[in-house]
Amino acid sequence: MGHRRLEAWVEEVRRLTEPDHVYWCDGSQAEIDRLYGEMVADGTLIRLNPEKHPNSYYFRSDVNDVARVEQRTFICSRLESDAGPTNNWADPAQMHATLEGLFRGCMRGRTLYVVPYLMGPPGSPMAKVGIELTDSPYVVASMRTMTRMGAMALDELGTDGDFSRGLHSTGHLDPAVRYISHFPDENLVMSFSSNYGGNALLGKKCFALRLASVVARKEGWLAEHMLILGLTDPQGRKTFIAAAFPSACGKTNLAMLVPSDKYLAAGWKVETVGDDIAWLKFGADGRLYGVNPEAGFFGVAPGTSEETNPNALAACRVNTIFTNVALCEDGTVWWEGLTDVPPSHCLDWKGQPWTPGSGTKAAHPNSRFTAPASQCPSISPDWEKPEGVPISAIVFGGRRSTTVPLVFEAFNWQHGTYLGATMSSEKTAAAVGDVGELRHDPMAMLPFCGYHMGDYWRHWLDVGKRGGDRMPRIFHVNWFRKDADGGYLWPGYGDNMHVLEWIAARCRGEGDYVDSPIGRVTTPDAIGFREVGVSEADAKELMSVDRDEWRADVFEREVFFRKFGDRLPQELREENDALLERLGE
Ligand code: GTP
Ligand code: SPV
Ligand code: MN
């Protein structure tokens, strides 16, 4: 027996979009083999070298469709005030009218794929079903890797289960009619005219963050743009850490960190639970537990190498789709940072012949790999635990070339919420816009919070009250501080282990620190700067807190906070005032 509401919706969409065929995906190997075969045959995908990258494919997106489009992303809540000042709001009735015009007949000559998927570990009380209807086989194949797609989701749905709806069409990839529209009151996303990642794989940012954040607030949990990792120390003690960094600011890399030889020899281990999204809920013991709702990685390619992230490279060797990287003659792929020596010639992400002398990038800065999480050597044995993993620390971080020290700890949950709320980061290529521009990105959720950011902060404070002393400790990190010559002061990547060690120690109430106006900072010895080759002078600069710079930040934050009007929690204004006072006159 089928699911009447689901069948009725598919029929309604079929009438609207007029596809030639409707196909229900079962997620099987035979199905995906056939789809890949079709896409290779019609030129959508290029099959990569079967020895070096078995069952892996190369995809070039449209040159105008290479990143998330925040200006074309809408929250269509009933009231404009519920979308808040950080979202684009559109009237739901008007948006429906616009989109129905665009979707009408848009699938003529195409197949409408019904993609049932599960977000969250199978059998988890946190797992949720979504259905994406799409006319893009590339989206279907990507969803099969990024989610638990097919029969498993339909089984979970049964004949009457609830599901989140996503309707997607490639349209003609015209940026002028690109819409990524969310209807929280209908548990619905409609996406038109983009096939790119977060714009088109609707289980990811659209459902698991924007819609889920609205549900999470109602139900008392958190849907966050966070990695989750498990850190095991030589005594065998395990600490789970969740970290929120904005797009292309280091989540995948931290989640898959390989400790340096010294740490490995001593018995330290880092395991990956998730690299982009975390759903955090209270467990029976009153602690916060996290699951990774995804089943794959949609990771940034540039900068990924054997030195920086061998786990990611191993994960994307087979069964992977590469999007907008460079294509080498031998059917392998390349991107800036993969090797020190670039290929002497290849085809760039636009399909043009490229040589090291071309003066352009061979791979798009936001080029990506789509790979199954299960293939990652560091994947945690706990990553599919239905109850999730207990979170001991929450880490916020941004890309800040100045002002913000390597690491510091919040005094308490309220102060930590303030640290998250006042995070800023330099923009990256993950979204269309000016790369490098500093902007506020609260909790790394600026583009992903599906409701009023002031209400979201209130929710964070409420959750903290509920959890009391069982809540995770909160930290702030910055891997990206630069010296006067523009070089990074901190080596990053595997050496971030030194910071994780201190965080884990702090979670047990150990680890040396000193109070500073901005929070608890490490003592010079606690991080082992010398060991990672950071000079005493650089270490000092890395950890320095310049009171004038911080005072300027406080005043700027006050202006930012004004945007939220009376929905700004009073506690956050008080924290800002208290920081100013601690900084002194
Ligand atoms: P999204 O998938 O967009 O959410 O990105 P992400 O937060 O997972 O970022 P990712 O780990 O893919 O890193 C983005 C870029 O930052 C890559 O080019 C990395 O090589 C670089 N990066 C990551 N970690 C570090 C670090 O510790 N130091 C430095 N300097 N760069 C880093
Ligand atoms: C991000 O931009 O944060 C990503 C990639 O993780 S996307 O799926 O496009 O959102
Ligand atoms: Mn992300």
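Since the model is a prediction, treat every value here as computed from it, not as a measurement.

**Student:** When you look at the site of ligand 1 in this model, what are you seeing that I'm missing?
**Tutor:** Looking at ligand 1, there are 22 residues lining it, with Ala248, Lys251, Asn253, Arg368 and Tyr493 nearest. In this structure, an oxygen atom belonging to ligand 1 sits 3.2 Å away from a side-chain N or O atom of arginine 399. Isolated, ligand 1 exposes 660 Å² of accessible area, and the fraction of that covered by the protein chains is 92%. At the level of elements, helix H8 (251–255) and strand E18 (296–300) are the ones that each hand at least two residues to the shell around ligand 1. When residues of the shell around ligand 1 are assigned to their parent elements, the largest contribution, three residues, is made by H8. Residues of the shell around ligand 1, tallied by class, amount to ten nonpolar, eight polar and four charged.

**Student:** I keep staring at the site of ligand 2 and nothing clicks. Help me out?
**Tutor:** In the vicinity of ligand 2, the residues found are Arg68, Gly197, Gly198, Lys204, Lys205, His225, Ser247, Asp276, Phe298, Arg368, Ala430 and Phe448. Between an oxygen atom of ligand 2 and a side-chain N or O atom of arginine 68, the distance comes to 2.9 Å. In the environment of ligand 2, an oxygen atom lies 2.7 Å from a nitrogen or oxygen atom belonging to the side chain of lysine 205. With the chains in place, 98% of the 290 Å² that ligand 2 exposes on its own is no longer accessible.

**Student:** Please explain the pattern of salt bridges as it appears in this structure.
**Tutor:** Pairing of side chains with opposite charge becomes possible as their charged atoms draw close. This model, assessed by the stated rule, comprises 36 salt bridges. In this structure, the salt-bridge partner of glutamate 70 is arginine 68, at a minimum N-O distance of 3.1 Å. By relative accessible area, glutamate 70 is classed as buried at 17%. A relative accessible area of 7% places arginine 68 in the buried class. Across the salt bridge formed by arginine 551 and aspartate 548, the nearest N and O atoms sit 2.8 Å from each other. Of this pair, arginine 551 and aspartate 548 both sit in helix H16 (residues 547–562), separated by three residues, roughly a single helical turn. You can call aspartate 548 exposed: its relative accessible area is 55%. Several salt bridges share partner residues, and in doing so they unite Lys204, Lys205, Lys251, Asp276 and Glu294 into one network.

**Student:** Before we go on, may I ask you to explain the environment of glutamate 186 in this structure?
**Tutor:** Relative to the helices and strands, glutamate 186 is located in the loop between strand E10 (179–183) and strand E11 (188–192). Taking the C-alpha atoms as reference, glutamate 186 lies 8.4 Å from arginine 165; in sequence the two are 21 residues apart. Apart from residues lying up to four places away in sequence, glutamate 186 is in contact with His96 and Arg165. Within the local environment of glutamate 186, its side chain forms a polar contact with the side chain of histidine 96, the two groups lying 2.9 Å apart.

**Student:** Can you walk me through the coordination of the manganese ion (ligand 3) in this structure?
**Tutor:** Put simply, a metal with four donors set out as a tetrahedron has ideal angles of 109.5 degrees, and one with six donors set out as an octahedron has ideal angles of 90 or 180 degrees. Taken together, the protein ligands of the manganese ion (ligand 3) are Lys205 (NZ), His225 (NE2) and Asp276 (OD), with distances of 2.1 to 2.7 Å. One can describe the donor arrangement at the manganese ion (ligand 3) as irregular, given that its six donor atoms subtend angles of 64 to 170° at the metal.

**Student:** I keep staring at the pairing of strand E31 (residues 519–522) and nothing clicks. Help me out?
**Tutor:** On a regular strand, one side chain projects to one face of the sheet and the next to the other, so that they alternate. As defined by bridge partners, strand E26 (residues 407–409) adjoins E31 across two bridges and the pair is classed as antiparallel. Bridged to phenylalanine 408 within E31 is valine 521. Note: strand E30 (residues 513–516) against E31, four bridges, orientation antiparallel. Bridge pairing in E31 places tyrosine 513 opposite threonine 522. Between E30 and the antiparallel strand that follows it, E31, lie two residues.

**Student:** Any chance you could explain the packing of aromatic side chains here in plain terms?
**Tutor:** Describing an aromatic ring pair means giving the distance of the ring centres and the angle of the ring planes. Scanning all chains against the criterion turns up 28 aromatic pairs. Members of the aromatic cluster, connected to one another through ring pairs, are Phe396, Trp413, Tyr451, Tyr456 and Trp460. Above the ring of tyrosine 179, the side-chain terminus of arginine 72 is found at 4.7 Å from the ring centroid. Positioned above the aromatic ring of phenylalanine 480 is the side chain of arginine 399, whose terminal nitrogen or guanidinium carbon lies 4.1 Å from the ring centre.

**Student:** Is there a simple way to explain the sheet that holds strand E19 (residues 321–323) in this structure?
**Tutor:** Strand pairing in a sheet takes place through backbone hydrogen bonds and is either antiparallel or parallel in direction. With mixed pairing, five strands are arranged side by side in an open sheet as E2-E3-E19-E24-E18. Each having just a single partner strand, strand E2 (46–47) and E18 make up the two edges of the open sheet.

**Student:** Any chance you could explain the nonpolar core here in plain terms?
**Tutor:** When a protein is soluble and globular, its nonpolar side chains tend to lie buried together. Ranked by internal contacts, the top residues of the largest apolar core, which has 154 residues, are Leu406, Trp457, Trp460 and Trp490. Sorting elements by how many residues they give to this core places helix H7 (residues 203–219) first, with eight residues. Those residues in contact with tryptophan 457 that sit more than four places away from it in its chain are Thr417, Ala421, Pro442, Met443, Phe560, Phe561, Phe564, Leu568, Pro569 and Leu572. Trp9, Val10, Val114 and Leu188 belong to the second-largest nonpolar core, a separate cluster that totals 29 residues.

**Student:** Is there a simple way to think about the packing of helix H2 (residues 29–41) against helix H4 (residues 137–146) in this case?
**Tutor:** To describe two helices that pack against each other, one gives the angle between their axes and the distance between the axes. Two elements in contact, H2 and H4, have axes separated by 10 Å at closest approach and are oriented at 145°. H2 and H4 meet at a crossing whose hand is left-handed. Residue-level contacts link Gln29, Ile32, Leu35, Tyr36 and Met39 of H2 to Pro137, Tyr138, Val140, Ala141 and Arg144 of H4. Considering only residue class, the contact of H2 with H4 consists of eight nonpolar, one polar and one charged.

**Student:** Teacher, can you tell me more about the side chain of glutamate 409 here?
**Tutor:** Among the structural elements, glutamate 409 can be located in strand E26. Reaching out from glutamate 409, the side chain makes a polar contact with the side chain of arginine 473 at a distance of 2.8 Å. A distance of 2.6 Å separates a polar atom in the side chain of glutamate 409 from a polar atom in the side chain of arginine 506. When near neighbours in sequence (up to four residues on either side) are disregarded, glutamate 409 contacts Arg473, Ile474, Phe475, Trp502, Arg506, Gly519 and Arg520.

**Student:** Teacher, can you tell me more about helix H3 (residues 92–103) here?
**Tutor:** The periodicity of an α-helix, 3.6 residues per turn, causes residues three or four positions apart to be oriented the same way. With twelve residues, H3 extends 16 Å between its outermost C-alpha atoms, agreeing within 8% with the 16 Å of an ideal straight helix rising 1.5 Å per residue. Residues of H3 that are buried: Pro92, Met95, His96, Leu99 and Phe103. Buried residues in H3, looked at end-on, bunch into an arc of 100°, giving them a common side. In H3, the exposed positions angled more than 90 degrees off the buried face are occupied by Ala93, Gln94 and Ala97. Check the buried side of H3 and you find it contacts helix H1 (4–17), strand E4 (73–75), strand E5 (88–89), strand E9 (164–169), E10 and E11.

**Student:** Quick question: what am I supposed to make of the domain arrangement of the protein here?
**Tutor:** For interface size, the figure often reported is the accessible area lost on association. Each assigned domain of the protein is listed here: domain 1 (4–43 + 73–220), domain 2 (223–295 + 380–583) and domain 3 (297–375). Between the C-alpha centres of domain 1 and domain 3 the distance comes to 28 Å. Tallying the contact residues gives nine residues for domain 1 and ten residues for domain 3. Across the interface of domain 1 and domain 3, roughly 800 Å² is buried in total on both sides, 67% from carbon and sulfur atoms. Ranking the residues of domain 1 by area buried against domain 3 places Tyr138, Thr145 and Tyr196 at the top, with a combined share of 59%. Our count for the contact surface shared by domain 1 and domain 3 stands at zero salt bridges. Here domain 1 is connected to domain 3 by two residue pairs in polar contact (both at pLDDT 80 or more). The element contributing the most residues to the side of domain 1 that touches domain 3 is H4, with five residues. Within the side of domain 1 that touches domain 3, the residues separate by chemical class into five nonpolar, three polar and one charged.

The rules behind the values
- Residues numbered from 1 in each chain as written.
- Chains lettered and ligands numbered in written order.
- Predicted model: local features only at pLDDT ≥ 70, side-chain atom pairs only at ≥ 80, totals over all residues.
- Heavy atoms only, no water.
- Near = heavy atom within 4 Å.
- Polar contact = N/O pair within 3.5 Å; in protein donor to acceptor, adjacent residues only side chain to side chain.
- Areas by Shrake-Rupley, 256 points an atom, 1.4 Å probe, with all protein chains shown as cover.
- Helix = DSSP H or I, 4+ residues; strand = E, 2+ residues; numbered from the N terminus.
- Nonpolar A, V, L, I, M, F, W, Y, C, P; charged D, E, K, R; others polar.
- Salt bridge = Lys/Arg side-chain N within 4 Å of Asp/Glu carboxyl O.
- Buried < 20%, exposed > 50% of the residue type's maximum accessible area, 1.4 Å probe, protein only.
- Contact = heavy atoms within 4.5 Å.
- Donors = N, O, S within 2.8 Å, 3.2 Å for Na, K, Ca; no water.
- Tetrahedral: all angles 85-135°; square planar, octahedral: opposite > 155°, others 65-115°.
- Pairing = 2+ DSSP bridges.
- Phe/Tyr/Trp six-rings, centres within 6.5 Å; stacked < 30°, edge-to-face > 60°.
- Lys NZ or Arg CZ within 6 Å of the ring centre and 35° of its normal.
- Core = buried A, V, L, I, M, F, W, Y, C linked by side-chain atoms within 4.5 Å.
- Axes fitted to C-alpha atoms, helices over the stretch in contact; angles between N-to-C directions.
- Left-handed = near helix turned anticlockwise from the far one by under 90°.
- Expected span 1.5 Å × (residues − 1).
- Arc of directions from axis to C-beta.
- Domains from an automatic or database assignment.
- Buried area = accessible area lost by both parts, 1.4 Å probe.

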